[in-house]
Amino acid sequence: MEKRNDYMTDEKTKQEKSKKINDEKFDMSAIDRTFANYKRGQMFDGVVVKKGEDGCVFNIGGKNDAFLPKEEVDDYDALKMGDRFKVIITKKNGSDIEVSKSMADGIILATQNASRLKLGSKFTFVVTNVDKDGLHSKLGEYSIFIPMSEISPKTRDVHKTIGKQFEATVTEIDKYKRQIIASIKLLEEKVKETNEALFWNSIFINKIVRGKVKKIMPYGAFVDVGGVDCFLHISNMSYNRIGNPSEIIKEGEEYNFKVIELDRENKKVTLSLKALQESPRLIAIKELHVGAIYKGIVVKILQFGAIIKLENGATGLLHIKNATEANNKQIYEIVKLDQRVEVEVLDKDEENERVSFKLISIL
């Protein structure tokens, strides 16, 4: 009798357990609660259950299915019933849910890229949040943190970095917690060292370089050439007399310069803007024609001749042998300072900016 009672008790217990399992299995309120917990930005693994012209019904579990728009799939025509992949919830209005495959693919790819990063690796990120500790971002499912001490010294207002893209180098990484700590400042220092090494290995006098004006001073300007500060004196900006460098250049603008002085030991480079321009003297010489006769004035008496300045501004040498046929004459016996003369151009050397004259007459 006791054995029968024990059997009945065991059987009753089994029936109660079975009923409890079935009740849990078909507890619609539990399913409703699961569905109610869906939020924008969540990622789910699901399956295509129905395909339409503008999109498909995608089951992500729970009471209702989600809608996956056609444009959220790279090759919608190839999509078929039963295809499984991950999606992200982009819209939720009550029981209506819209999901995106392209966003999920992007996060999966970013997570894979982040998982490949190592100490010292360089990567790009966009700042999503700023607090008193530093900058925050995400690379897929990885959290990115840049401590305040590792932000670029050039950053004046950290709050203006939100939404902007930066490059940094990994200093710490926890792949289990999916956390990356990085430094913008350290990467900038590495880049600066590399750029300086390349600069000093390739720089030479008379080289034409491209540089950005960093700061204008009354006596000149500092120019950034490949990450190295160079100097442009006001006297090397123009052949014309200027009162302030800002008449010729502007801060933040880029220009071509010629290297005219180089001090590797003290790491100093002097640039010239003027050296890339044609001098007024050369322009005037180019206007002259060999064999032509021009009017000018004696501006200087030398031991072996005189310097003549023509009406167009060109100057040249009247050698004593081209001023007279007499062998015992001195140049001051033939022409006087400030005297007007007429001369013929015998020769001109544009590269060295030289002209030689022959005396035709004294006016």
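Residues numbered from 1 in each chain as written. Predicted model: local features only at pLDDT ≥ 70, side-chain atom pairs only at ≥ 80, totals over all residues. Heavy atoms only, no water.

Caption draft 1: Representation of the overall build of the chain within the structure. In terms of regular secondary structure, the chain is built from six helices and 21 strands. Burial status across the chain gives 31% buried among its 363 residues. Considering only residue pairs separated by 6 or more positions, the chain has 56% of its internal contacts joining residues 24 or more positions apart. Looking at the chain as shown, the accessible area adds up to about 23,300 Å², and 49% of this sits on carbon and sulfur atoms. (Helix = DSSP H or I, 4+ residues; strand = E, 2+ residues; numbered from the N terminus. Buried < 20%, exposed > 50% of the residue type's maximum accessible area, 1.4 Å probe, protein only. Contact = heavy atoms within 4.5 Å. Areas by Shrake-Rupley, 256 points an atom, 1.4 Å probe, with all protein chains shown as cover.)

Caption draft 2: Structural detail: helix α3 (residues 101–115). Helix length check: α3 (15 residues) gives 21 Å between terminal C-alpha atoms against 21 Å at 1.5 Å per residue, within 8%. The complete set of buried residues in α3 reads Lys101, Ala104, Ala110, Thr111 and Ala114. (Expected span 1.5 Å × (residues − 1).)

Caption draft 3: Quick look at the packing of aromatic side chains. In the structure shown here, the tally under the stated rule is seven aromatic pairs. Measuring from ring centre to ring centre gives 5.8 Å for Phe123 and Phe125, while their planes differ by 40 degrees; the resulting arrangement is tilted. Assigned by exposure class, Phe123 and Phe125 land together as buried. Plain terms: the ring middles of Tyr219 and Phe231 are 6.0 Å apart, the flat faces sit at 40 degrees to each other, and that makes the pair tilted. Residue Tyr219 is found in the loop between β12 (208–217) and β13 (220–225), and its partner Phe231 is found in strand β14 (residues 228–233); the two are separated by twelve residues along the sequence. Residue classification places Tyr219 among the partly exposed positions, given a relative accessible area of 40%. Linked through ring pairs, Phe123, Phe125 and Phe166 together constitute an aromatic cluster. Lying over the aromatic face of Tyr76, Lys51 brings its terminal NZ or CZ to 4.9 Å of the ring centre. The ring centre of Tyr239 lies 5.2 Å from the NZ or CZ of Lys274, which sits over that ring. (Phe/Tyr/Trp six-rings, centres within 6.5 Å; stacked < 30°, edge-to-face > 60°. Lys NZ or Arg CZ within 6 Å of the ring centre and 35° of its normal.)

Caption draft 4: Local environment of the pattern of salt bridges. For the coordinates displayed, the defined rule picks out twelve salt bridges. Between Lys122 and Glu167 there is a salt bridge; the shortest N-O distance is 4.0 Å. Highlighted residues: Lys122 in strand β6 (residues 122–126) and Glu167 in strand β10 (residues 165–174), separated in sequence by 45 residues. Given a relative accessible area of 51%, Lys122 falls into the exposed group. Classification of Glu167 as partly exposed rests on a relative accessible area of 42%. Close ionic contact of Glu141 with Arg178 constitutes a salt bridge, the shortest N to O distance being 2.1 Å. With a gap of 37 residues between them, Glu141 in the loop between β8 (134–139) and β9 (142–147) and Arg178 in the loop between β10 and β11 (179–183) connect regions that are remote in the sequence. (Salt bridge = Lys/Arg side-chain N within 4 Å of Asp/Glu carboxyl O.)

Caption draft 5: Quick peek at the side chain of Thr315. Positionally, Thr315 belongs in strand β19 (residues 315–319). For Thr315, a relative accessible area of 17% puts it in the buried group. A polar side-chain atom of Thr315 sits 2.5 Å from a polar atom in the side chain of Arg281. (Polar contact = N/O pair within 3.5 Å; in protein donor to acceptor, adjacent residues only side chain to side chain.)

Caption draft 6: Structural context of the sheet that holds β8. Taken in spatial order, the six strands of this open sheet run β6-β10-β11-β9-β8-β7, and their pairing is mixed. Here the strands that pair on one side only, and so sit at the sheet edges, are β6 and β7 (129–130). Examined bridge by bridge, β10 and β11 share five bridges and lie antiparallel to one another. Bridge pairing in β11 places Val170 opposite Ala182. Packing against the sheet, helix α4 (residues 184–202) makes contact with β6, β8, β9, β10 and β11, and its axis sits at approximately 110 degrees to β10. (Pairing = 2+ DSSP bridges. Axes fitted to C-alpha atoms, helices over the stretch in contact; angles between N-to-C directions.)

Caption draft 7: Molecular detail of the side chain of Asn236. By the secondary structure assignment, Asn236 is in the loop between β14 and β15 (254–263). In this structure Asn236 comes out as buried when scored by relative accessible area, which is 15%.

Caption draft 8: How the structure looks around the pairing of β13. Two elements, β12 and β13, share five bridges in a ladder whose sense is antiparallel. Across the sheet, residue Met217 finds its bridge partner in β13, namely Gly220. The hairpin formed by β12 and β13 contains two residues between the paired strands. In the sheet, β13 pairs with β14 via six bridges, with the strands oriented antiparallel. Within β14, the position partnered with Gly220 by the bridge is His233. In this antiparallel pair of consecutive strands, β13 and β14, the connection spans two residues, and Gly226 shows a positive phi of 60 degrees.

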